[in-house]
Amino acid sequence: MRGQSTASLSGTAKRFFLIISIILFLVCQGGPLHASEKTVVGVIFSADIPYYRAIHQAFSRVIKERGYAGKIQLIIQRPNPDTLAWSNAIRKVLAYDASIIITYGSGAAFQATYETTSVPIVYAGVYAPDKIDLKKKNVYGVGFRVPVSSLLRYLRQMKEIKRLGIVFSEIEPDSVQQMKDVVNSCRRFSLPYVQLSVKRCREVKERLKLYNYDSLFLTNSALVGKYYPDCKGISDTNTVPAVTTMKGYEDLVIVTLTPDTEIEGALLADILIDLLRGKKPENKIVTNNKLVFNMKKAKKLGISFPIELITGADRVIK
Amino acid sequence: MRWLFGVVLSLFIFLSPSLIKSEERQLLIGLIPEQNIFRQMERYMPLSEYLEKRTGIKVRLTILSRFGDIIDRFTQRGMDGAFFGDLTGVLAMEKLSVEPIVRPVTPDGSSTVHGYIIVRKDSNINTVEDMKGKVIAFVDRATVTGYLYPIFYFRSQGIENIDEFFREYYFTGSHDASVYAVLDGRADVGCVKNTIFENLVKKDPSIGEELKILIRSPEMPDSTLCLKTSLSEDTKRLIRETLLSMSDDSEGQKVLEKMKIKRFIRASKKDFSPVYNMLKAMGLSVDTYQYKLQ
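The rules we used
Residues numbered from 1 in each chain as written. Chains lettered and ligands numbered in written order. Predicted model: local features only at pLDDT ≥ 70, side-chain atom pairs only at ≥ 80, totals over all residues. Heavy atoms only, no water. Helix = DSSP H or I, 4+ residues; strand = E, 2+ residues; numbered from the N terminus. Rg over C-alpha atoms; globule rule 2.2 N^0.38 Å. Buried < 20%, exposed > 50% of the residue type's maximum accessible area, 1.4 Å probe, protein only. Lys, Arg positive; Asp, Glu negative; His and termini not counted. Charge placed at Lys NZ, Arg CZ, Asp CG, Glu CD. Axes fitted to C-alpha atoms, helices over the stretch in contact; angles between N-to-C directions. Left-handed = near helix turned anticlockwise from the far one by under 90°. Contact = heavy atoms within 4.5 Å. Nonpolar A, V, L, I, M, F, W, Y, C, P; charged D, E, K, R; others polar. Buried area = accessible area lost by both parts, 1.4 Å probe. Salt bridge = Lys/Arg side-chain N within 4 Å of Asp/Glu carboxyl O. Polar contact = N/O pair within 3.5 Å; in protein donor to acceptor, adjacent residues only side chain to side chain. Patch = residues over 30% accessible without salt bridge, like charges linked within 9 Å, V, L, I, M, F, W, Y side chains within 5 Å. Areas by Shrake-Rupley, 256 points an atom, 1.4 Å probe, with all protein chains shown as cover. Expected span 1.5 Å × (residues − 1). Pairing = 2+ DSSP bridges.

Asker: Would you explain the overall build of chain B in this entry?
Answerer: Helices and strands together make up the secondary structure of chain B, namely twelve helices and 13 strands. Here the C-alpha radius of gyration of chain B, 20 Å, is about what a compact globule of 294 residues would show, namely 19 Å. On the principal axes, the C-alpha backbone points of chain B span a range of 60 × 40 × 30 Å. In chain B, buried positions account for 59% of the 294 residues. Side chains of chain B carry 41 positive and 39 negative charges; the gap between the two charge centres is 3 Å.

What follows is the structure in structure tokens.
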């Protein structure tokens, strides 16, 4: 009897403890469960430049509009544009258990592919990604295509180019690719050119001082974008017209033909949302560009701006 | 015989100014912005000087910033005639009481034009289906080659609503601007008149290397000079004969060369049949056609 009673009590106690344990478990897990719903997303800017900031702004807005702002935790890193700094930034976000890494610019994107093969990497602000080796299982992204020949065509209509300086970054594959495309266009137009290759920040100034050129093409690069504005003191940059495909340099150069960063940001948000939903995203290419002429700068450089050019521009700085 | 004809024509042109009414000794001729307005003015300037020299009639030119403006401002600005395009010609004949006088023949012998729908070669757009969700640049609602034909074509492909089919559409205001919009990637698809496209390619062959023509429209009348029917028959005849005989004298040839025209030929309302037919096929009426940009 006693034994039975003990067994029966023991069974009731067991059930009681089981129920209490489940309740306690659920209560205790309630908080952390809610916190862990936020997916940690590491965001690496290849450099803190206006172009990447514009994409990120558009991206953040769309994420908020679509109700995903509360579901992600962004860890933003803005390292200097060099491979070691990119690596460190990526390792840092991986240490924070980032489930997804967003990179602005090809430099950080490439470095991320060396650091992880399992965490999804989403790039943005990359020129012609289909032409550079960014095809990895865990890599998705939004690239852009801007016809560099158009910029040269506009430049040629404004002045006779004796030698075009093409400033590009050796450590950023899309900058190298764009340089190659500019070289091809120069050959088609029979334009003399010189390649100004940079690897480190101080080289931007050095190369600009070292070579002779009468026009500049600034390729899509975190390194060039970060340090070109510091070169305003160099006499050549004050006297030669420059063109670029990077947004945010409209005041420094005379023509910019840039991808629509609103679209780039929105497409980047689409990819992130797909990943959050467990869907495999598709890579996107932005082909819609914006044309800006800086008549003010052209006037300062003594270039007579053919007025017929500006009729099609999205914006004219007067 | 030919010399006799020359003498008679010269005598006619020489004596005609005296027959012209004094109020018609000055004509205001309108131009549409088929290419950018500066280039367009530059192209027609030598013609106005030539006409003045040959007829004694002072010919002033005025250019409108939009194609449709020529219909609205013709009377307001007191124009006596204009070089109308395909659709503006039809609208003008129906709304403004003008009659066709002459139209140009291009150096390759063509007296009509056609439209192209163009894309970048590296765009991966090869069919109309590929254009879905893209940005298209039209020229102006008041052109066949730059708007009406593309709409007609898209409808024939089952696309009734361009607002839904394209992500965005806009009007560039001139044919050359439409070409540059596609070249720059500011539009994925563009509409342009063949003569403007071919002149741009001739000037810069790289344009032809970067763009491809996907669709070509039927032939349409081009840049037809129409004069007010209320002008005296003598004035109309003098202008017509002077322009028709331009290619017979060296000075006239030089002017034509600058304009990239071989000669002028007589124009008639019948030339605009393709436009009337297209409007009819689309169920559109000239009276109610919305040629203005909203």
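Asker: I tried to follow the packing of helix α2 (residues 37–55) of chain B against helix α10 (residues 233–244) of chain B on my own but got confused; where do I start?
Answerer: Working note: a packed helix pair is described by the angle between its axes plus the distance between those axes. Residues and elements named next belong to chain B. Running from amino to carboxyl end, α2 crosses α10 at an angle of 115°, the nearest separation of the two axes being 10 Å. The handedness of the crossing between α2 and α10 is right-handed. For the pair formed by α2 and α10, the contact residues are L47, Y50, L51, R54 and T55 on the first element and L238, I239, T242 and L243 on the second. Along the lines of polarity and charge, the residues of the contact of α2 with α10 split into six nonpolar, two polar and one charged.

Asker: Sorry, what's going on with the interface of chain B and chain A here?
Answerer: In many reports, interface size means the accessible area that the parts give up when they come together. The interface is formed by 19 residues belonging to chain B together with 20 residues belonging to chain A. On the chain B side of the interface with chain A, the three residues burying the most area are F38, D184 and R186 of chain B, jointly 32% of the side's total. On the surface where chain B and chain A come into contact, there are four salt bridges. Close ionic contact of R188 of chain A with E209 of chain B constitutes a salt bridge, the shortest N to O distance being 2.8 Å. Where chain B touches chain A, the interface holds 17 residue pairs in polar contact (both at pLDDT 80 or more). Looking at the side of chain B that touches chain A, the elements that each hand over two or more residues are α2, α7 (175–184) and α9 (205–210) of chain B.

Asker: Is there a simple way to explain a nonpolar patch on the surface in this structure?
Answerer: On the surface, I307 of chain A together with I37 and F38 of chain B cluster together to form a nonpolar patch covering roughly 240 Å² of accessible area. With respect to the helices and strands, I307 of chain A occurs in the loop between α11 (295–300) and β13 (315–317).

Asker: Hey, could you run me through α10 of chain B in this one?
Answerer: Side chains that are three or four residues apart share a direction in an α-helix, a result of its 3.6 residues per turn. Taking 1.5 Å as the rise per residue, α10 of chain B with twelve residues should run 16 Å; its terminal C-alpha atoms sit 16 Å apart, in good agreement. Listed in full, the buried residues belonging to α10 of chain B are T235, K236, L238, I239, R240, E241, T242 and L243 of chain B.

Asker: Even after reading the chapter, I still don't get the pairing of strand β12 (residues 224–228) of chain B, so can you show me in this structure?
Answerer: Regular strands have side chains that alternate between both faces of the sheet. Residues and elements named next belong to chain B. Of all five residues in β12, four are buried, a share of seventy percent or more. Bridging between strand β3 (residues 81–84) and β12 involves four bridges; their strand directions are antiparallel. Bridging from a neighbouring strand, G81 pairs with L227 of β12. Bridge count for strand β4 (residues 98–105) against β12 is four bridges, and the pairing is antiparallel.

Asker: Would you mind going over the environment of P241 of chain A with me for this structure?
Answerer: Residues and elements named next belong to chain A. If you trace the backbone, P241 turns up in the loop between α9 (235–239) and β9 (242–244). It is 20 Å that separates the C-alpha atoms of P241 and R187, two residues lying 54 residues apart in sequence. Contact partners of P241, with chain neighbours within four places excluded, come to L155, K159, D214, S215, L216, I254, L301 and I303.

Asker: Explain the sheet that holds strand β5 (residues 139–144) of chain A to me, please; I cannot follow it from the model alone.
Answerer: As a general point, the strands of a sheet are linked pairwise by backbone hydrogen bonds and lie either parallel or antiparallel. Residue and element names in this part refer to chain A. Strand order in the open sheet made by the six strands is β2-β1-β3-β4-β5-β11, with parallel pairing throughout. Every other strand in the sheet has two partners, leaving β2 (72–77) and β11 (284–286) as the edge strands with one partner each. Geometrically, the sheet is characterised by an average inter-axis angle of 20° between neighbouring strands, direction not taken into account. Two strands pair when backbone bridges link them, and strand β1 (residues 39–45) and β2 are joined in this way by six bridges, in the parallel orientation. Each bridged residue has a counterpart across the sheet, and for T39 the counterpart in β2 is I72. Running over the sheet, helix α3 (residues 83–95) touches β1, β2 and β3 (100–104) and is turned about 170° from β1. Across the sheet, helix α10 (residues 261–276) lies against β1, β2, β3, β4 (121–127), β5 and β11, angled at about 165° from β5, the strand it touches most.

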